[in-house]
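Listed below are the residues making up each chain.
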Amino acid sequence: MTEEKLNALRQQDTNLRDAIWQDETERPQMPADLNERLMQRVAAQKEKKQRRIVWPWIAAACAAGVLMIWLTPPKVTETDVVAKQQPKVEKSVEVVKPQTAEAKPEASQPVEETTIAVKPVKVSPAKPTINKLLAQETSVTEPTAAPMAEEAHQDLAVAETTKSQPEMVTLTERDIPITRPENYRYTPEELALMKKQANEAYLKWVELELEIAKFDLENTAQK
Amino acid sequence: MTIDIEVNLIEGLRQQSPKAQQQMLGRYGNAVFAQVARLVPAVEDAEEVYQDVFVKVFKNINMYDATQSSLKTWISHIAYNESISFLRKKSVQLIYYEDREGEAEKLSESEVEATFGHPNPETVQLIRAAIKHLPPDERAVITMFYYEEMSLKEIAYVTESIPTTVASKLSRTRKKLCKIIKMLQS
């Protein structure tokens, strides 16, 4: 059906037009305060919108600030790396010393056991009488000789364990976070220090062994 | 309304001027409420939809294109969509006549013209009763055409359709009304 025909029908359909007209006139009228309520709603929304505008900016600024602080990388220069490596050597010295000091009181209690363990190695099993005497006398001389031997053994043990187990980085990295690759291994200075300590300990141990042997010889000579 | 006044009104609305908003409500408020109340039966619901319509109009005034439609048609388009979506959302139970067997289509054009053309108060009352049995969209289209005297193009814009579809819908609705009248008479 074309528009012209429909327009013509619009004029012709008087009954239909009248019916719709009557329907529309009898329809309930718009409440008088409806527009007022609508304007109040619009104003409230506008206020809400203005409030909303401020908050995202504040939140975004805070977030940006935190992100900037968090994501800014620390400036690491070569001098910083050297400066960090230097005090690390000192720390390693500090850490090693208290461990040996701690080991002493623990080892001081089982003194007799250690000396007894040494005896069969040094004295031949063919002389049981000498052994008995030696046992009595060594128990007397222990307070002077045994702690020294123990100390030497402890130092040597510490030196050997640190040498043989380079994974025990925890000794020196208690205070240093393991976040930098230069902290994963010992520095050359640390290794040199440990070597020196191990050598000293070995020499002390040899000296001690010599003293024990000398003492044994003197005893046998007296007899 | 002259073009100048409408241009000024639109400019004021774009600046979110309360004065322009009130002016718009004064000019188009009643027509919009009537359009909404035609589709949404309960007055409370119609008030709610009416407010939603104008909030949307004030919010989206920048999207209005004067080359596509008049301001009144644009507002009618928003009102129609809001009303239909309200009915869908609320699932309002509506009882209306549906011509499933296509009996209305069998009626001749002369028979329909005779029913609507010859002035008769009794027929007018029957038509009023019959209109209540139409679905909301058909009721809206027939009112826009006969009461608001909108062109097919304008109705097509409001209902998001094309003029030929509107024309066939109008023709079908006329026949359907005639069929309902006959049913009521029998």
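On a predicted model such as this, the values are computed, not experimentally measured, just so you know.

Some remarks on the overall build of chain A
Here comes step 1: When helices and strands are counted, chain A shows seven helices and zero strands.
Here comes step 2: When the helices and strands of chain A are listed from N to C terminus, the series reads α-α-α-α-α-α-α.
Here comes step 3: Here chain A, with 223 residues, has 10% of them falling under the buried criterion.
Here comes step 4: If you take every contact in chain A between residues at least 6 apart in sequence, the share linking residues at least 24 apart comes to 81%.

Looking at the environment of B:Tyr157
Here comes step 1: Along the chain, B:Tyr157 falls in helix α8 (residues 152–158).
Here comes step 2: In contact with B:Tyr157, not counting residues within four places along its chain, are B:Ser69, B:Thr73 and B:His77.

With respect to the nonpolar core
Here comes step 1: Core analysis: the largest hydrophobic core is formed by 54 residues, its most contacted members being B:Val36 and B:Ile127.
Here comes step 2: Residues from two domains meet in this core; each of domain 1 (3–90) and domain 2 (104–185) of chain B gives at least three.
Here comes step 3: Beyond its immediate sequence surroundings of up to four residues, B:Ile127 is in contact with A:Asn15, A:Leu16, A:Ala19, B:Leu177 and B:Ile181.

Let's talk about the interface of chain B and chain A
Here comes step 1: Taken together, the contact between chain B and chain A spans 36 residues of the former and 27 residues of the latter.
Here comes step 2: Among the elements that line the side of chain B that touches chain A, the one with the most residues is helix α2 (residues 18–39) of chain B, at nine residues.
Here comes step 3: Looking at the side of chain B that touches chain A, its residues break down into 22 nonpolar, eleven polar and three charged.

Topic: unusual backbone geometry
Residues and elements named next belong to chain B.
Here comes step 1: Even without being a glycine, Glu-149 presents a positive backbone phi close to 55 degrees.
Here comes step 2: Relative to the assigned elements, Glu-149 resides in the loop between α7 (136–146) and α8.
Here comes step 3: Among the residues examined, Glu-149 registers 11 C-beta atoms within 10 Å and is labelled exposed.
Here comes step 4: The phi angle at Glu-160 is positive, at roughly 55 degrees, despite the residue not being glycine.
Here comes step 5: The residue Glu-160 is located in the loop between α8 and α9 (163–185) in this model.
Here comes step 6: For Glu-160, a count of 10 C-beta atoms within 10 Å gives the class exposed.

Details of the packing of helix α6 (residues 121–131) of chain B against α9(B)
Residue and element names in this part refer to chain B.
Here comes step 1: Here α6 crosses α9 at 110 degrees, and the two axes come no closer than 9 Å. As far as their axial angle goes, α9 and α6 are roughly perpendicular. Here α6 runs over α9; the crossing is right-handed. Residues Leu-126, Ile-127, Ala-129, Ala-130 and Ile-131 of α6 lie in contact with α9, whose contacting residues are Leu-177, Ile-180, Ile-181, Leu-184 and Gln-185.

Criteria and thresholds
Residues numbered from 1 in each chain as written. Chains lettered and ligands numbered in written order. Predicted model: local features only at pLDDT ≥ 70, side-chain atom pairs only at ≥ 80, totals over all residues. Helix = DSSP H or I, 4+ residues; strand = E, 2+ residues; numbered from the N terminus. Buried ≥ 20, exposed ≤ 12 C-beta atoms within 10 Å, placed from the backbone. Contact = placed C-beta atoms within 7 Å. Core = buried A, V, L, I, M, F, W, Y, C linked by C-beta atoms within 7 Å. Domains from an automatic or database assignment. Nonpolar A, V, L, I, M, F, W, Y, C, P; charged D, E, K, R; others polar. Axes fitted to C-alpha atoms, helices over the stretch in contact; angles between N-to-C directions. Parallel < 35°, antiparallel > 145°, perpendicular 65-115°, else oblique. Left-handed = near helix turned anticlockwise from the far one by under 90°.

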